Amino acid sequence: MRLLALSLWLLLAGLVGHCAPAPVDTLHLNYEDSGQFGHYFSYCFDPLARPATGARATALWAAGRYARIPLANGVLQGGYRQDRLWLRVAVVNTLPQRTHFVWSLYQFVDSATLYIQPEGQGPLRAAGGASSRVVAADRPFPARAVCLPFWLDAHARAVLYLRVENHTGAWCLPTDMSTTEGFLRFETTYFAYKHWAWLLGLYMGSALFNLVFYALLRDRIHLWYAAYVVCITWFLLMEDSVDALLLPQSVYGLSWQLGQFSLLLLALAAELRILAGFVRLRRGWPRLHTLGQWLSAVGAGYALAYPALYALAWRSGHAATALAMLNTGRLVLLWALLLGGAALLAMVLAQGRASQRRLATLYASTYAFLLFGAAELLLDYSGLVYVHLVEPNSLAWSLALELLSLSVLLTWRFRQAQRRNGTLRQSRFREREAAGLHLITAQEAEREALARELHDALAPGLTALHLAWQGRQVRHALAEAAPVLAETHQQTEALLRQLRHDVRALSQVLLPAGPGEQPPLPEALNLLVETLSLADAGPRVSSYCDPAAADVPIPVQLAAYRIVAELLHNALRHAHARHVNLEVRRLPASLRLSVEDDGRGFDPQAPPPQRGGLGLRGVQARAGYLRGAVLVSSRPGQGTVVTVELPI
């Protein structure tokens, strides 16, 4: 009911606006504006093919072709048409001195030419011309609006004719007439009076806000949002002629080649993409999503192709007809995109899943602002109704409200995405943790099985063989057979002794104690160092293990043992060191392992075969699983220090 009442009120306001006041013949010019003076002006549309001369203007007046502007407040609504506009007004200078006046047009026009008929008699005299095609600084009267200046003597009367051409085909032309001083006084307060100072900040802040979101999330919806804000802000700047003050000529010229309504078309195409992404149309409505994508692409393609199509239409033999068809096509697409978005939301609200209906409800609350503002502006240009409730216009405020609400929605969507990503990361981490635990468990089982084989099968056999080889009968037999074999016997006996030691050391590395037993870390490391030190040849191993290391969690103790065993094995087998030092310290939040040798060292930056093989990579993998850190400090010929920190 409220929406119906608002619609009826707007229609009534438009109809009342079209009721013109009683005609007044002459506009009395003073220091101040005369207020609502649109009824002083008369207008006439004339085909572009007709002569564009002052004689043509007076001939149309003599033929009774002019009509009063139906609206007060100086706004001419001619609808969508490809014709030349003539404006006529009779004026008198009520001031006691010769005064400089300006006739201002506050919409884009391709050209405007002013003619003066002193005292309303005789031929017209051209007083100057201007165009919106150039920036304000390059116009004859440098201002945001297109201004046609003229002089009037004290108490002088004249009839003014203004010829206006606008090939965009949309006639909603606010006009004004005042002294130069009065016009400049209004322009100095324009940005504050029309609220542009903070509206521009809000628009650009919203665009940057979503570019930051895109950098964080890589979600394209935020890129479409930024493109939407830029395009519609640009459209609003052109709507109020602010672009003539802010943009350089190169950018300004390109924007008007593209066209004001083409920018609105691009903005609506981006808005349709945002809508589809926000309500997740692709998941529940793939065909509807494809239709929306095609509609958006057609609108954007038409807008981008408009400059080339405009040039072809202007060069054709029937320029007015071709331009009318071109601009009508753009208007149809504008309404199709605007109402198409509303239709998509309505369909999802009526038949979508519960989650999609909730998203569509949220988005409909912000899309309503755009729908109202854009529809009101397009209706103003159609000539059917004129509603101007706020400054600078309803679309600017609708955009501001939409951006505020949409920013809240996208921030909520951002937080939802963060939660989903966090849940996904946790799930993946748990999966990796489970896979790593499974792998380590399998490795431990394999190590235990191998250690059992070494301990229970190979080690006793080697011991028996060593003892038998050392027996008195073997030595006596070898001595009688050949004295030269005694030396071979000694060498073989030493080899068997070393082999027994290697098997025992390897068994100790694989499993710190007997199968099924897990001694504390200090005891296990001391036993490992003692076993490795039994070798006849090799570096001297010294160690220190903090007794407090026995209190860290069992998984950390087991990982620390494996890491130390691997590092000591590397130092003994590959470093050719004379001395190896092991140090294990319990810190408040971690367990620090350090293995230092004075061996040949290596280059940590070299490719993997030169900087360390599977052993060092295994150490890094175990530390990484526990979220630990590995620091390798080494130089060729200067030894190696490997420090590992395991969090507890």
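Residues numbered from 1 in each chain as written. Predicted model: local features only at pLDDT ≥ 70, side-chain atom pairs only at ≥ 80, totals over all residues. Heavy atoms only, no water.

## Focus on the overall build of the chain
The condition that has to hold: Runs of H or I in DSSP of at least four residues are treated as helices and runs of E of at least two as strands, each being numbered from the N terminus. Working rule for contacts: check all heavy atoms of both residues, and any pair within 4.5 Å makes them a contact. For every accessible area listed, the method is Shrake-Rupley and the probe measures 1.4 Å; residues are considered covered only by the protein chains on display.
For the chain, the helix and strand inventory stands at 20 helices and 16 strands. Counting contacts in the chain only where the partners sit at least 6 residues apart, residues at least 24 apart contribute 76% of the total. When the accessible surface of the chain is totalled, it reaches about 32000 Å², and 61% of it is carbon and sulfur.

## Re the sheet that holds strand β6 (residues 99-105)
Heads up, the condition is: If DSSP finds at least two bridges between two strands, the strands pair. Geometry is summarised by axes, namely lines fitted to C-alpha atoms with helices restricted to the contacting stretch, and by angles between N-to-C directions that run from 0 to 180 degrees.
Ordered in space as β4-β11-β6-β9, the four strands form an open sheet in which the pairing is antiparallel. Taken across any chain shown, the strands that pair with only one partner, and hence form the sheet edges, are β4 (75-80) and β9 (146-152). Pairs of neighbouring strands in the sheet enclose a mean axial angle of 20°, with direction left out of account. With five bridges joining them, β6 and strand β11 (residues 170-179) adopt antiparallel strand pairing. Within β11, the residue paired with F101 across the bridge is T179.

## Side note on the pairing of strand β12 (residues 540-545)
Here β12 runs beside strand β13 (residues 579-586); their pairing, made up of six bridges, is parallel. Bridge pairing in β13 links S543 to L582.

## A short note on the pattern of salt bridges
Side-chain pairs of opposite charge can arise where the charged atoms are in close proximity. Stated precisely, the cut-off is as follows: Think of a salt bridge as a Lys or Arg side-chain nitrogen and an Asp or Glu carboxyl oxygen that are within 4 Å of each other. Categorising residues by exposure relies on relative accessible area from a 1.4 Å probe, with only protein chains included: less than 20% of the type maximum marks a residue as buried, more than 50% marks it as exposed, and the intermediate range marks it as partly exposed.
As enumerated under the stated definition, the model contains nine salt bridges in all. Here E165 and R84 are joined by a salt bridge, their closest N and O atoms 2.9 Å apart. Remark: R84 occurs in strand β5 (residues 83-93) and E165 occurs in strand β10 (residues 157-165); sequence separation between them is 81 residues. Accessibility assignment for this pair places E165 and R84 in one class, buried. For R144, the salt bridge goes to E187, with nearest N and O atoms at 2.8 Å.

## Some thoughts on the sheet that holds β13
Strand order in the open sheet formed by five strands is β12-β13-β14-β16-β15, with mixed pairing between adjacent strands. The open sheet is flanked by β12 and β15 (629-634), the only strands paired with a single partner. The mean angle between the axes of side-by-side strands here comes to 10°, regardless of whether they run parallel or antiparallel. Of the strands in this sheet, β12, β13 and β14 (590-597) are in contact with helix α17 (residues 521-532), which crosses β12 at around 175°. The sheet strands contacting helix α18 (residues 554-573) are β12, β13, β14 and β16 (640-647), and the helix crosses β14 at an angle near 10°.

## Examining the nonpolar core
Put simply, the test is: Nonpolar cores are built from buried Ala, Val, Leu, Ile, Met, Phe, Trp, Tyr and Cys residues. Side-chain atoms within 4.5 Å join them into one set.
W196, Y203, Y228, F261, V279, Y363 and L370 are the most contacted members of the largest nonpolar core, which has 81 residues in total. Here the element with the most residues in this core is helix α9 (residues 260-278); it accounts for 14 residues. Once residues within four sequence positions are removed from consideration, V279 is found in contact with L345, Q356, L359, A360 and Y363.

## Side note on the side chain of S241
Looking at the secondary structure, you find S241 in the loop between α6 (220-239) and α7 (243-246). Owing to a relative accessible area of 9%, S241 belongs among the buried residues under this scheme. When residues no more than four places from it in sequence are discounted, the contact partners of S241 are Y106, Q107 and R144.

## With respect to α9
Two residues of an α-helix separated by three or four positions point the same way, owing to the 3.6 residues in each turn. To be explicit about the condition: Expected span of a helix, by definition, is 1.5 Å for each gap between consecutive residues, and there is one gap fewer than residues.
Compared with the 27 Å implied by 1.5 Å per residue over 19 residues, the 27 Å span of α9 between its first and last C-alpha is a close match. Where burial is concerned, most of α9 is hidden: 17 out of the 19 residues are buried. At the exit of α9 stands R280, carrying a positive phi of roughly 55°.

## Section: unusual backbone geometry
Look at the link from E391 to P392: it is a cis peptide, with omega at 0°. Position of P392 relative to the elements: it lies in the loop between α13 (354-382) and α14 (394-469). Unlike most non-glycine residues, H195 shows phi in positive territory, near 65°. With respect to the helices, strands and loops of the structure, H195 is situated in the loop between α4 (190-193) and α5 (196-217).

## A short note on a nonpolar patch on the surface
Inclusion rule: Patch membership requires over 30% relative accessible area and the absence of a salt bridge. Like charges are linked within 9 Å, and nonpolar side chains (Val, Leu, Ile, Met, Phe, Trp, Tyr) within 5 Å.
On the surface, L208, L211 and L223 cluster together into a nonpolar patch covering about 260 Å² of accessible area. Assessed through its relative accessible area of 55%, L208 is described here as exposed.

## Overview of the environment of M238
Secondary-structure assignment places M238 in helix α6. Between the C-alpha atom of M238 and that of F261, which follows or precedes it by 23 residues, the distance is 9.6 Å. The residues contacting M238, other than those within four sequence positions of it, are D243, S255, W256, G259, Q260 and L263.

## Observations concerning the pairing of β16
Residues in a regular strand point their side chains to alternate faces of the sheet. Sheet topology places β14 next to β16; eight bridges connect them, and they run antiparallel. Each residue of the ladder has a partner; that of D597, found in β16, is T640. Inspection of the sheet shows β15 paired to β16 by six bridges, in the antiparallel sense. Residue A629 lies in a different strand from β16, and its bridge partner there is E645. Here β15 folds back onto β16 in antiparallel fashion, the turn holding five residues, of which G637 has a positive phi close to 85°.

## Overview of the packing of α5 against α6
This is how it is decided: Roughly parallel means an angle under 35 degrees; roughly antiparallel means over 145; roughly perpendicular covers 65 to 115; every other angle is labelled oblique. We call a crossing left-handed when the near helix sits turned anticlockwise from the far one by less than a right angle, and right-handed when that turn is clockwise. Under the scheme applied here, ten amino acids are nonpolar (Ala, Val, Leu, Ile, Met, Phe, Trp, Tyr, Cys and Pro), four are charged (Asp, Glu, Lys and Arg), and all others, including Gly, are polar.
Two numbers describe how α5 lies on α6: the axes approach to 7 Å, and their chain directions differ by 160°. The angle between the axes of α5 and α6 places the two elements in the roughly antiparallel class. Crossing handedness for the pair α5 and α6: left-handed. Contact residues: α5 offers W196, L200, Y203, M204, S206, A207, N210, L211, F213, Y214 and L217, while α6 offers R220, H222, L223, Y225, A226, V229, V230, T233, L236 and L237. Of the residues assigned to the contact of α5 with α6, the class counts are 16 nonpolar, four polar and one charged.

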